[in-house]
Amino acid sequence: QQQQQQQATEWFDVGDGTGLSEAELLRRVAAPAALLRANQVVAFPTETVYGLGGNALSDEGVRRIFAAKGRPADNPLIVHVAELEGLHAIADRVPDVALVLAARFWPGPLTLVVPSKGVVSPLCTAGQDSVGVRMPSHPVARALIKAAGVPLAAPSANTSGRPSPTTAAHVREDLEGRIAGIVQGGATGVGLESTVVDCTQSGYITVLRPGGITREQLQKVVADVREDANLAHAHAAPRAPGMKYTHYAPRARMVLVQPQHAGDEEEETEGRREERQLAAMQQCVRDAQQRGQRVGVLTTREHAQAFPEAACVAVCGTRASVESVARELYAALRSFDHVEPALDVIYAETFARSGLGAALMDRLLKAAGRNILVV
């Protein structure tokens, strides 16, 4: 996609919506909503990451999203709605399982892939017969969709391949001059994008992208929850965002340091695995320094002081709370790009893939281009 011409980017500071009446929220978002109705592109807060919104019913509006991001047009966009009626307006028929999941997890960080009615722009669906739909829980996001009067196609509000934005300042860093407006609504909550679930098959659902709703949560509602085989590969046409191309990446090469399961000690403690990971990361930093490289480290608060030789240590939550790591991940990845002189390599901790850890590791693997050092 060709980059669009520079334009003035308006800044709308509306607050995070806490304690405001719906009428007051709608008043505050009236100006950015008018831009969206005019098929302009506006960034706005959700509970996951900041989204880059455009009129999902308009080819022009959606085309401007792709142009701003520099994103390949074969990657589908999630359509955001403010109420359940919006799902019925977009879907050809809403599968029963989708209604069950919506009743349990909406509004929230779950995207439902359902058969498309053909109402939204084909650019949203990348030419496929299904569409991903989500109802965000952030009050500013829902007010903006209501005020605009149209569903909003909205990928993450960053240039393609960069770490997703969890503050309006991150959006400004990537997209000022490329979009019509930025709605400042505070920091996001989850910090990782939504879980995307394919609801088009009979008898089971398939996780196309792990995210803010965990597989374990889904299994409490739906008996048969499967994982898409393409999560580990990049061959097939992507059915959801984040399934193709390098995503979430800092500019320096990134390596994940992962402790292997000890052969004879099946019951090795998590603490022992963590110790081996830490020792291996420290050795990696020393070796890279001896090669004359400038090294960054992505670690947790528990290990913040363990890498005095590194040029930059980005601290990202605590190992005791994977939710805190997820919330701070993208800001930490972005921080590496501000280090001068530039870093040559970044070594990163890894995490257990249970619960929200599955989504966290999905993002880390993509940020590292699946570059893993097993120790």
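Attention here is on the structure that accompanies the text. These numbers come from a predicted model, not from an experiment. (Residues numbered from 1 in each chain as written. Predicted model: local features only at pLDDT ≥ 70, side-chain atom pairs only at ≥ 80, totals over all residues. Heavy atoms only, no water.)

Comments concerning unusual backbone geometry
Okay, step 1: Across the junction of W106 and P107, the peptide omega takes the value -10°, indicating a cis bond.
Okay, step 2: Among the structural elements, P107 can be located in the loop between α5 (96–105) and β5 (110–115).
Okay, step 3: Of note, the amide linkage connecting E340 to P341 takes the cis form, showing an omega dihedral of -10°.
Okay, step 4: Its place among the elements puts P341 in the loop between α11 (322–335) and β15 (345–348).
Okay, step 5: Non-glycine residue A126 carries a positive phi angle of around 55°.
Okay, step 6: With respect to the secondary-structure elements, A126 resides in the loop between α6 (122–125) and β6 (130–134).
Okay, step 7: Given the relative accessible area of 25%, A126 is considered partly exposed. (Helix = DSSP H or I, 4+ residues; strand = E, 2+ residues; numbered from the N terminus. Buried < 20%, exposed > 50% of the residue type's maximum accessible area, 1.4 Å probe, protein only.)

Overview of the layout of surface pockets
Okay, step 1: Volume-wise, the largest pocket comes out at about 360 Å³.
Okay, step 2: Those elements that place two or more of their residues in the lining of the largest pocket are α9 (215–219) and α12 (357–367).
Okay, step 3: Approximately 190 Å³ is the volume attributed to the second largest pocket.
Okay, step 4: Forming the boundary of the second largest pocket are Q258, P259, E270, R273, E274, Q277, R319, T350, F351, A352 and R353.
Okay, step 5: Per-element accounting of the lining of the second largest pocket gives the leading share, four residues, to helix α10 (residues 270–290). (1 Å grid on protein atoms, 1.4 Å probe; cavity = no way out; pocket = protein on both sides within 12 Å on 5 of 7 lines; lining within 4 Å. Points joined across faces, edges and corners; volume = space filled by probe spheres on them.)

Some remarks on the sheet that holds β5
Okay, step 1: One open sheet holds the eleven strands; their spatial order is β1-β8-β2-β3-β7-β4-β6-β5-β9-β10-β11, and the pairing between them is mixed. Since the sheet does not close on itself, it has two edges, and those belong to β1 (10–13) and β11 (225–227), each with one partner.
Okay, step 2: On the sheet, helix α2 (residues 30–37) packs against β1, β2 (42–44), β3 (51–55), β7 (152–153) and β8 (181–184) and is oriented at approximately 135° with respect to β1.
Okay, step 3: Contacting β1, β2, β3 and β8, helix α8 (residues 168–175) runs over the sheet at an angle of about 165° to β8. (Pairing = 2+ DSSP bridges. Contact = heavy atoms within 4.5 Å. Axes fitted to C-alpha atoms, helices over the stretch in contact; angles between N-to-C directions.)

Description of the packing of aromatic side chains
Okay, step 1: Applying the stated rule across the entire model yields one aromatic pair.
Okay, step 2: Here Y248 and Y330 contribute two aromatic rings whose centre-to-centre distance is 5.5 Å and whose plane-to-plane angle is 25°, an arrangement assigned as stacked. Here Y330 lies in helix α11 and Y248 lies in the loop between β11 and β12 (253–258), a separation of 82 residues in the sequence.
Okay, step 3: The class of Y330 is buried, set by a relative accessible area of 0%.
Okay, step 4: For the cation-ring pair, R226 lies above Y204, with the distance from its terminal atom to the ring centre recorded as 3.7 Å. (Phe/Tyr/Trp six-rings, centres within 6.5 Å; stacked < 30°, edge-to-face > 60°. Lys NZ or Arg CZ within 6 Å of the ring centre and 35° of its normal.)

So, the sheet that holds strand β14 (residues 312–315)
Okay, step 1: With parallel pairing, five strands are arranged side by side in an open sheet as β14-β13-β15-β12-β16. The open sheet has two edge strands with one neighbour each: β14 and β16 (372–374). Going across the sheet, the axis of each strand differs from the next one's by a mean of 25°, ignoring polarity.
Okay, step 2: When strand β13 (residues 295–299) meets β15, the two strands line up parallel, connected through four bridges. The partner of G296 across the bridge, within β15, is I346.
Okay, step 3: Sheet contacts for α12: β12, β13 and β16; angle to β12, the most-contacted strand, approximately 135°.

Topic: the packing of α11 against α12
Okay, step 1: Interaxial distance between α11 and α12 falls to 9 Å at its minimum, and their mutual angle equals 20°. Between α11 and α12, the crossing angle belongs to the class labelled roughly parallel. Read as a crossing pair, α11 and α12 show a hand that is left-handed. The segment α11 lies against α12, with V322, V325, A326, L329, Y330 and L333 engaging G357, L360, R363, L364 and A367. (Parallel < 35°, antiparallel > 145°, perpendicular 65-115°, else oblique. Left-handed = near helix turned anticlockwise from the far one by under 90°.)

Concerning the pattern of salt bridges
Okay, step 1: With the rule as written, the count across this model stands at 24 salt bridges.
Okay, step 2: The structure contains a network of salt bridges with shared partners spanning R162, E173, D174, R251, R334 and D337. (Salt bridge = Lys/Arg side-chain N within 4 Å of Asp/Glu carboxyl O.)

A word on the environment of I205
Okay, step 1: Summarising the element assignment, I205 is placed in strand β10 (residues 205–209).
Okay, step 2: For I205, a relative accessible area of 0% corresponds to the buried category.
Okay, step 3: For I205 and R226, which are 21 residues apart along the polypeptide, the C-alpha to C-alpha distance reads 6.1 Å.
Okay, step 4: With near-sequence residues (within four places) excluded, I205 lies in contact with V97, L101, V197, D198, C199, V222, D224, V225 and R226.

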